[in-house]
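# Descriptive structure summary
Each chain, written out:
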Amino acid sequence: ATTLCSGSSTTLTGGGATTYVWTGGVINGIGFIPTSTNTYTVTGTDGNSCSATATTTVNVNSTPMVTANASSTTLCSGSSTTLTGSGATSYVWSGGVTNGIGFNPTSTNTYTVTGTNASSCSNTATITINVNSSPTVTVNASATTVCSGSSVTLTGSGATTYVWSGGIINGIGFIPTSTNTYTVTGTDGNN
């Protein structure tokens, strides 16, 4: 008996005779792709027109339908994503990725997962992770030293939107009550 995964090819070859005729449309010595488990019979005939038969079984195990999944397919550099395979029993990823463990990709890349089922049949799937560069945010202040009661305006640049610590609104003047450090987070709209 022969065991193979669906979609794989096998070749049946008779021996001990001169000519061979197989059941199931199989041609002796020519590869074919069986679609299901089946028993094939060969009739071998020698030069004296004497014939005999033999049988063999080809077991066809199913190939898994593997899919590649990501917690996020578009992210900013320095951010993490987790890749997981489904449809099989065990998974091996390209690029040094471990199934179900988060990692920080440094650039846009396509990852391939090979999933194997309990019958040792495998299949692959791919997924692309897009990595956008983070913006370089700078801080602009109308003044960094002011007298008590004076107004100052803080403005971020290098991104699209800005969120300031301390309740500050980007580009709107305010009167600080004491010396303080303010942090701005700029977002560029690329996730």
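Note that this is a predicted model, so its numbers are computed, not measured.

### As for the overall build of the protein
A tally of regular secondary structure across the protein gives zero helices and 15 strands. Computed over C-alpha atoms, the radius of gyration of the protein comes to 33 Å, more than 25% over the 16 Å expected from 2.2 N^0.38 for 191 residues, which places it beyond the range of a compact globule. Once the C-alpha set of the protein is aligned to its principal axes, its extents read approximately 115 × 25 × 20 Å. Burial statistics for the protein: of 191 residues in total, 26% are counted as buried. For the protein, restricting intrachain contacts to residue pairs at least 6 apart in sequence, the fraction spanning at least 24 positions comes to 42%.

### Observations concerning the environment of Thr-84
As for its position among the elements, Thr-84 is in strand β7 (residues 81-86). Taking the C-alpha atoms as reference, Thr-84 lies 36 Å from Thr-57; in sequence the two are 27 residues apart. Excluding residues within four positions of it along the chain, Thr-84 makes contact with Thr-67, Ala-68, Asn-69, Trp-93, Asn-99 and Gly-100.

### Observations regarding the side chain of Thr-81
Within the secondary structure layout, Thr-81 lies in strand β7. Of the residues examined, Thr-81 reaches a relative accessible area of 1% and is grouped as buried. In terms of polar contacts, Thr-81 uses its side chain to reach the side chain of Ser-71, at 3.2 Å. Setting aside anything within four residues of it in sequence, one finds Thr-81 in contact with Ala-70, Ser-71, Ser-72, Leu-75, Ile-101, Gly-102, Phe-103, Pro-105 and Ile-129.

### Examining the sheet that holds strand β10 (residues 109-116)
One open sheet accounts for four strands, arranged β6-β11-β10-β8; its pairing is mixed. At either margin of the open sheet sits one strand with a lone partner, and together these are β6 (74-76) and β8 (90-93). Mean inter-strand twist for the sheet, computed between neighbouring axes without regard to direction, equals 30°.

### Let's talk about the sheet that holds strand β9 (residues 102-103)
Pairing is antiparallel in the open sheet, where three strands are placed in the order β5-β7-β9. Of all the strands in the sheet, the pair left with one neighbour each is β5 (67-70) and β9. Pairing of β5 with β7 involves four bridges; the strand directions are antiparallel. Its bridge partner lying in β7, Asn-69 is registered against Thr-84.

### Things to note about the state of the cysteines
On inspection of all chains with the given rule, the structure shows one disulfide. The residue that forms a disulfide with Cys-5 is Cys-121, at a sulfur-sulfur distance of 2.1 Å. Since a negative S-S torsion denotes a left-handed disulfide, the Cys-5-Cys-121 link at about -95° is left-handed. Of this pair, Cys-5 sits in strand β1 (residues 2-5) while Cys-121 is found in the loop between β10 and β11 (122-132), placing the two residues 116 residues apart along the sequence.

### Brief notes about unusual backbone geometry
For Ser-49, which is not glycine, the phi dihedral falls at a positive 65°. Here Ser-49 is to be found in the loop between β3 (38-45) and β4 (51-61). For Ser-49, a relative accessible area of 65% translates into the label exposed.

### Quick look at the packing of aromatic side chains
For any pair of aromatic rings, the description rests on two quantities: the centre-to-centre distance and the angle between the ring planes. Tallied over the entire structure, the rule returns three aromatic pairs. Each ring, one from Phe-32 and one from Tyr-40, has its centre 5.6 Å from the other, and the planes form 75°; the classification is edge-to-face.

Criteria and thresholds
- Residues numbered from 1 in each chain as written.
- Predicted model: local features only at pLDDT ≥ 70, side-chain atom pairs only at ≥ 80, totals over all residues.
- Heavy atoms only, no water.
- Helix = DSSP H or I, 4+ residues; strand = E, 2+ residues; numbered from the N terminus.
- Rg over C-alpha atoms; globule rule 2.2 N^0.38 Å.
- Buried < 20%, exposed > 50% of the residue type's maximum accessible area, 1.4 Å probe, protein only.
- Contact = heavy atoms within 4.5 Å.
- Polar contact = N/O pair within 3.5 Å; in protein donor to acceptor, adjacent residues only side chain to side chain.
- Pairing = 2+ DSSP bridges.
- Axes fitted to C-alpha atoms, helices over the stretch in contact; angles between N-to-C directions.
- Disulfide = S-S within 2.5 Å.
- Phe/Tyr/Trp six-rings, centres within 6.5 Å; stacked < 30°, edge-to-face > 60°.

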